[in-house]
Amino acid sequence: MAVNTMRKTRPRPPVNRRRAAPRRMPRLKTVLIAAAAYLVSFVFLFPYLVMLLTSLRSQDSLRDVTFWPQEWVWSNLANFWTSGLAGNLWVTLKVAAGSTVLVLLVALPAAYYSARHNFRGRTAFLILVLITQMFQPTAMLVGIYREFYQFGLVDSIWSLILVNGGFNLAFAVWILNAYFASIPRELEEAAFIDGNGRFGALFRITLPLAMPGVITALIFTFIAAWNEFVVALTLTTTPENQPLTVALNSFIGQYQVDWQNLFAGSVIATIPVIILFALIERKVVGGLTAGSIK
């Protein structure tokens, strides 16, 4: 009996010999928008580049017309740690962190309650919070100094924490209120059915969903407290208790300004904020757009 040794071959699928479509060139509108974005970015980043380059110049080359330093003096950045400004940097960190914690402790319950309950005077409360944002610390500087002087808190880190926390509280309440309002109530009601109480639903369901708004309030409060100058200049007198923004003012003399060391300290003071913002930039964008789409 003959055996058919020929194997049955399956028909191969037809090969698609069509050429790949040529890549389309970006439209003129897209190119113009991208060029405008790069131009705006350059305008905002150029002063920081000048600050960095000036911090690496020597005292004799400050008036050179060349953009790039002829001699790179890296010791200007190292002098920051030997000049005693590291202690002022630590004071700034404590003030910014303390103000941020204070704002979150007060703004979270206030924003959550105003977003979940339509109590009498709710609109007036939110408007009053917004009005407080319109006042600047400079306009009330004399009253602030007199108040802290009576309580014996002048030249104290606690006074800076309280002032920075108070003036950044309104922004945090509004951001968190909009974010809590955008979270459906049904999620909390489902948590109630599962046996969670009000605080359990808040910490397990609502607060994790509102984390982009919390981080937005955190970063803006931290940056505002980090950069504050006028109130710190007024309420602190001893160099050890002054934040870095005030301590850098010591490089500005009556007849001469130590530009290279001033800019070196400014560069070091800017680095922590840039790193913090770069790490949580995506959540900040999400928090700013909270409540815009429902």
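Residues numbered from 1 in each chain as written. Predicted model: local features only at pLDDT ≥ 70, side-chain atom pairs only at ≥ 80, totals over all residues. Heavy atoms only, no water.

A. Broad picture of the overall build of the chain. Counting secondary structure elements, the chain contains 13 helices and zero strands. Secondary structure elements of the chain occur, N-terminal to C-terminal, as α-α-α-α-α-α-α-α-α-α-α-α-α. Buried positions account for 34% of the 294 residues belonging to the chain. Counted over contacts in the chain with a minimum sequence separation of 6, partners at least 24 positions apart contribute 71%. (Helix = DSSP H or I, 4+ residues; strand = E, 2+ residues; numbered from the N terminus. Buried < 20%, exposed > 50% of the residue type's maximum accessible area, 1.4 Å probe, protein only. Contact = heavy atoms within 4.5 Å.)

B. Looking closely at empty space enclosed by the protein. All told, the structure shown has one cavity of 30 Å³ or more when counted by the stated rule. Of the volumes computed, that of the largest cavity is approximately 50 Å³. Lining the largest cavity are Thr 92, Val 95, Leu 160, Asn 164, Ala 225, Glu 228, Ala 232 and Pro 243. Listing elements by their share of the lining of the largest cavity, those giving two or more residues are α3 (85–116) and α6 (157–182). Residues of the lining of the largest cavity, tallied by class, amount to five nonpolar, two polar and one charged. (1 Å grid on protein atoms, 1.4 Å probe; cavity = no way out; pocket = protein on both sides within 12 Å on 5 of 7 lines; lining within 4 Å. Points joined across faces, edges and corners; volume = space filled by probe spheres on them. Nonpolar A, V, L, I, M, F, W, Y, C, P; charged D, E, K, R; others polar.)

C. Highlighting the packing of aromatic side chains. Scanning the entire structure with this criterion turns up eight aromatic pairs. Ring centres of Phe 42 and Phe 46 lie 5.5 Å apart, and the angle between their planes is 45°; this geometry places the pair in the tilted category. You can see Phe 42 and its partner Phe 46 sitting in helix α1 (residues 28–55), four residues apart, about one turn around the helix. For Phe 46, a relative accessible area of 32% puts it in the partly exposed group. For the ring pair Trp 259 and Phe 263, a centre distance of 5.6 Å and an interplane angle of 45° mean the geometry is tilted. (Phe/Tyr/Trp six-rings, centres within 6.5 Å; stacked < 30°, edge-to-face > 60°.)

D. Highlighting the packing of α3 against helix α9 (residues 211–227). It is the contact of α3 with α9, at a shortest axis distance of 8 Å, that shows an interaxial angle of 140°. With respect to α9, the element α3 is oriented oblique. Note that α3 runs across α9; the crossing there is right-handed. Mapping the contact onto sequence places Leu 89, Thr 92, Leu 93, Val 95, Ala 96, Ala 97, Ser 99, Thr 100, Val 103, Leu 104 and Leu 108 in α3 and Val 214, Ala 217, Leu 218, Thr 221, Phe 222, Ala 225 and Trp 226 in α9. (Axes fitted to C-alpha atoms, helices over the stretch in contact; angles between N-to-C directions. Parallel < 35°, antiparallel > 145°, perpendicular 65-115°, else oblique. Left-handed = near helix turned anticlockwise from the far one by under 90°.)

E. Geometry of the side chain of Glu 228. For Glu 228, the position within the fold is in the loop between α9 and α10 (230–235). For the buried residue Glu 228, which engages in no salt bridge, the nearest side chain bearing the opposite charge is Lys 94, 16 Å off. A polar contact is formed between the side chain of Glu 228 and the backbone nitrogen of Val 230, at a distance of 3.0 Å. One polar contact links the side chain of Glu 228 to the main-chain amide nitrogen of Val 231, over a distance of 2.6 Å. Glu 228 has contacts with Asn 164 and Thr 245, leaving out every residue within four places of it along the chain. (Lys, Arg positive; Asp, Glu negative; His and termini not counted. Salt bridge = Lys/Arg side-chain N within 4 Å of Asp/Glu carboxyl O. Polar contact = N/O pair within 3.5 Å; in protein donor to acceptor, adjacent residues only side chain to side chain.)

F. Spotlight on the nonpolar core. With 19 residues, the main nonpolar core has Ala 107, Ala 172, Leu 176, Phe 180, Ile 183, Ala 210 and Val 214 as its most contacted residues. When contributions to this core are tallied by element, the ones reaching two or more residues are α3, α6, α8 (198–209) and α9. Sequence-distant contacts of Ala 172, that is, excluding residues within four places in its chain, are made with Val 103, Ala 107 and Ala 217. Listed in part, the 15 residues of the second largest apolar core include Phe 80, Phe 222, Trp 226 and Phe 251. (Core = buried A, V, L, I, M, F, W, Y, C linked by side-chain atoms within 4.5 Å.)

G. View of the side chain of Ser 55. Checked against the element boundaries, Ser 55 lands in helix α1. Exposure remark for Ser 55: the relative accessible area of 0% places this residue in the buried category. There is a polar contact of 2.5 Å between the side chain of Ser 55 and the backbone oxygen of Leu 52. What Ser 55 contacts, discounting residues up to four positions off in sequence, is Val 73, Asn 76, Leu 77, Gln 260, Phe 263, Ala 264 and Val 267.

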